[in-house]
Amino acid sequence: MNKTTNKGLIVVLAGLGVNLMLGTLYAWGVIAKALRAEFGWSATQTQIPYMVACALFAFSMIPGGKAQDKLGPKPVIMLAAVLAGIGLVFSGYVLTLPALIIGFGLIFGIAMGMGYSAPTPAAIKWYHPSKKGIISGIVVSGFGLAPVYVAPLTTYLLDNFGISKTFYFLGTAFLIGIMILSQIISNPPAGYVPAEPKDFANSNKPKVVAEDWNWREMVKSKQFFMVWTTFAFGTFAGLLVIGQLSAIGIEQAGIPNPFTLTILYAICNAGGRIIWGIISDRIGTKTSMTSMFILQVVAFLLMPYLKTPLTLMAGIAVVGFTFGGMLTVFPSITASFYGIKNLGLNYGLVITAWGIGGVFGPLVGGIVRDATGTYAFSYLVSAVLSLLGALISMKTVAPTSKPVLNNAPKNA
């Protein structure tokens, strides 16, 4: 293994580590349950900070991605570390709904977006385009895998130290950890060309590397809106479940342990990111997207009938596996369609769809639960949106030529 390969691997693993800490978002269900039990908050109230965090996470990836493309990943991730510490500590210090909206939703949400925007584009640039799926999958798997340790850790801290000190501990730990990892994540040097895999010339994989598009060119292509819409549909379905896993487990199947489903979802989510990355490198992103949406349709149609621990766990496993895969396939398809030079900003615009889905998914789940006492209608909506996502993804093909822009800077 040569020096550049070693450096690429270090960047991949450090990026995974950053996402392992930022993935606290996916353990929100444990915190939400504690807020309902200790302060009597409604399901809708507990979802508001989470909803705001999802939106800010996605939309802050636009400036984060642009900064990564221009300045490199290190300063962006360092800023994310500082904001993560401030947001979580402030949430614990004030501990009211407005404070959690500001601290967890706004400040920590921005920290997640800035921190998430930088490691994946940096890691992809160290490897041949034929490996963009698996590399993306490994880096972003940290975000999905985070609840495996964050959920039980948060439960332990909540049980022994209370909600305020739980936020203090997480904020301090993540500030230090992300700051350390930021120092070893970098883009390749100018002029760097990754080596072509030995078996690539004889494989059936596409040999053409995508032309680099800037964001103005990208948003004028019809493929951008098709990709964006399918991402929004898939996110709505996935985040509706993530934000309320603990409550769903208890109310629908009598699963008493508050983080059982959270951990299961996290493992399947992280595994899905890596496995779908491998699959998409082999069969293409279009087929992968369609397959994931079809699996989600089946899972959500069956979800209201999964009322035993084992059956509900099976349903949640499928949703986690497919939702995790989307977080690998969508950056991969963005790179495939629009190149890697401006991938940070371009994917930042694509992932705003995640923010829209993140707002309406949890909100609908909370409102429907408060109004009906079940999540059945929410599952149906998610199934319909997943079906629409499958239909659109079937029609999505790579753009063949750039649009003509009037008076636009070439690389803006």
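Along each chain, residue indices are assigned from 1 in the same order as the chain's sequence is written. It should be noted that, the model being predicted, local features are given only for residues of pLDDT at least 70 and side-chain atom pairs only at 80 or more, the latter also being counted only at that level, while totals for whole chains, interfaces and linings use all residues. Side-chain metrics in this entry use all non-hydrogen atoms of the structure; hydrogen atoms and water are not considered.

In the annotation of an unreviewed UniProt entry, the protein chain is listed under the name OFA family oxalate/formate antiporter-like MFS transporter and assigned to Serpentinicella alkaliphila. UniProt positions are given in the numbering used here, feature names are shortened, and annotations may be inferred rather than shown by experiment. Regarding the protein chain, the relevant UniProt record gives this comment under Subcellular location (unreviewed entry): "Cell membrane".

A. Spatial organisation of the pattern of salt bridges. When a carboxyl oxygen of Asp or Glu lies within 4 Å of a side-chain nitrogen of Lys or Arg, that pair is called a salt bridge. One pass over the full model with this rule turns up four salt bridges. Between Arg 36 and Glu 251 there is a salt bridge; the shortest N-O distance is 3.7 Å. Taken together, the residues Arg 36 in helix H2 (residues 28-39) and Glu 251 in helix H12 (residues 245-253) connect sequence positions 215 residues apart. Note that Lys 125 and Asp 69 form a salt bridge whose closest N and O atoms lie 4.0 Å from each other. Note that Lys 125 is positioned in the loop between helix H7 (119-124) and helix H8 (132-145) and Asp 69 in helix H4 (residues 61-71), a separation of 56 residues in sequence. Overall, the relative accessible area of 24% leaves Asp 69 in the partly exposed class. Put simply, Glu 211, Glu 217 and Lys 402 are held in one network by salt bridges that share partners. Helix and strand definitions here come from DSSP, where helices need a minimum of 4 consecutive H or I residues and strands a minimum of 2 consecutive E residues; each element is numbered from the N-terminal end. Relative accessibility thresholds used throughout: buried, under 20% of the residue-type maximum; exposed, over 50%; partly exposed, between the two (1.4 Å probe, protein chains only).

B. Highlighting unusual backbone geometry. Although it is not a glycine, Leu 95 adopts a positive phi angle of roughly 55°. Summarising the element assignment, Leu 95 is placed in the loop between helix H5 (73-94) and helix H6 (97-117).

C. A look at the packing of aromatic side chains. Note on aromatic pairs: the rings of Phe, Tyr and Trp (six-membered ring only in Trp) are paired at centre separations within 6.5 Å, and the planes decide the class, stacked below 30 degrees, edge-to-face beyond 60, tilted for the rest. Here the structure, examined in full by the defined rule, presents 15 aromatic pairs. Seen in terms of ring centroids, Trp 213 and Tyr 338 are 5.1 Å apart; in terms of plane orientation they differ by 80°. Their pairing is edge-to-face. Of the two residues, Trp 213 is situated in the loop between helix H9 (147-182) and helix H10 (215-219) and Tyr 338 in helix H15 (residues 309-338); the sequence distance between them amounts to 125 residues. A relative accessible area of 3% places Trp 213 in the buried class. Ring geometry for Phe 337 versus Tyr 338: centroids 5.9 Å apart, planes at 80°, classification edge-to-face. Taken together, the ring pairs connect Phe 57, Tyr 116, Phe 143 and Trp 354 into an aromatic cluster.

D. Structural view of the nonpolar core. Formed by 116 residues in total, the largest nonpolar core has its most connected members in Leu 25, Tyr 116, Phe 231, Leu 312, Tyr 347 and Trp 354. At 13 residues, H15 tops the list of elements feeding residues into this core. Domain start and stop points were drawn from an automatic or database domain assignment. When residues of this core are assigned to domains, at least three map to each of domain 1 (3-184) and domain 2 (213-395). Contacts of Leu 312, omitting those with residues within four sequence positions, involve Ile 248, Gly 249, Gln 252, Ala 253, Ile 255, Leu 261, Met 303 and Leu 306. Residues enter a nonpolar core if they are buried and are Ala, Val, Leu, Ile, Met, Phe, Trp, Tyr or Cys, with the set joined through side-chain atoms within 4.5 Å. Note on contacts: a residue pair qualifies if any of its non-hydrogen atoms lie within 4.5 Å across the two residues.

E. How the structure looks around the domain arrangement of the protein chain. Annotation of the protein chain at the domain level lists domain 1 (3-184) and domain 2 (213-395). Measuring from the centre of the C-alpha atoms in domain 1 to the corresponding centre in domain 2 gives 18 Å. Across the contact, 47 residues belong to domain 1 and 50 residues belong to domain 2. Carbon and sulfur atoms supply 73% of the area buried between domain 1 and domain 2, which totals about 3900 Å² over both sides. The interface formed by domain 1 and domain 2 includes one salt bridge. Once two parts are put together, the accessible area they lose, assessed with a 1.4 Å probe and summed over both, is termed the buried area.

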